[in-house]
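# Fold and contact review
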Amino acid sequence: MKTEDFIDFLATGAGPAPAFNMSLKFRAALLAGLAASLGMGLVANGMASGSLPSFVRWSKLVYAMSVLTFGWVLLKQLARPLSDVRASLWGLLLVVLVMAGFGVSDLTAASSDQYDDLLRGHTWLMCSLSILLFSLPALAAALWMLRSMAPTRLRLAGFAAGIFAGAQGALGYCIVGPDDSPLFVAIWYTLGIALSGLLGMLLGPRILRW
């Protein structure tokens, strides 16, 4: 039997290959990460004060959501080979620069005796590490999802998973973090998200290798 005939024989009655619903896994990873990050934030807030803080400002929520949006798009692109991610990376950088601009504007409008409060607040020592901690379940979910896809740029895909997870960790930390000046958010929230991105970049080649 010729090779072509054998292939035709094997394919007889096979029907079309089942379509894989990639969006379903993305949504599952997002919901699992958000549930874990927000749950950790609620538990931490309950241990600290017993009620939701009234000082959560829209600026840090919008910032975290904006980073999450671009992280989501970047992650979906890198789950496939040969995707052009330049626009998503520039969009992510633009979000960070806009937040940094608000922080600088806030600093220039303040008096010198307010600088320390704007820069370090009350929780600068724990903010970034808390965001990284809150992001770990989301990072695990994102990497699990990517393993079933076809990423080829493993470090960059891991970085995207880390940014995606770090933004979710930042959303969870918004619940418990009392400091909300634009400068504080631009520095310490960004650092926490970047640490998650770095962790994802380090884990990507190990976990996502085919």
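Reading the values: the criteria
Residues numbered from 1 in each chain as written. Predicted model: local features only at pLDDT ≥ 70, side-chain atom pairs only at ≥ 80, totals over all residues. Heavy atoms only, no water. Axes fitted to C-alpha atoms, helices over the stretch in contact; angles between N-to-C directions. Helix = DSSP H or I, 4+ residues; strand = E, 2+ residues; numbered from the N terminus. Parallel < 35°, antiparallel > 145°, perpendicular 65-115°, else oblique. Left-handed = near helix turned anticlockwise from the far one by under 90°. Nonpolar A, V, L, I, M, F, W, Y, C, P; charged D, E, K, R; others polar. Salt bridge = Lys/Arg side-chain N within 4 Å of Asp/Glu carboxyl O. Buried < 20%, exposed > 50% of the residue type's maximum accessible area, 1.4 Å probe, protein only.

For the protein chain, the name recorded in an unreviewed UniProt entry is Anti-sigma-F factor NrsF, with Achromobacter piechaudii as its organism.

### Considering the packing of helix α6 (residues 124-147) against helix α7 (residues 154-176)
At a closest axis distance of 6 Å, the pairing of α6 and α7 adopts a crossing angle of 130 degrees. Taken as axis vectors, α6 and α7 run oblique relative to one another. When you trace α6 past α7, the crossing you get is right-handed. A breakdown of the residues in the contact of α6 with α7 according to their chemical character gives 16 nonpolar, 8 polar and no charged.

### Observations concerning the pattern of salt bridges
Under the counting rule described, the total for this entry stands at 2 salt bridges. With a shortest N-O distance of 2.9 Å, Asp84 and Arg86 are connected by a salt bridge. In this structure Arg86 comes out as exposed when scored by relative accessible area, which is 57%. In this structure, the salt-bridge partner of Arg120 is Asp116, at a minimum N-O distance of 2.8 Å. With Arg120 and Asp116 both in helix α5 (residues 115-120) and 4 residues apart, the pair spans about one turn of that helix. Judged by its relative accessible area of 33%, Arg120 is partly exposed. Note on Asp116: relative accessible area 39%, which makes it partly exposed.

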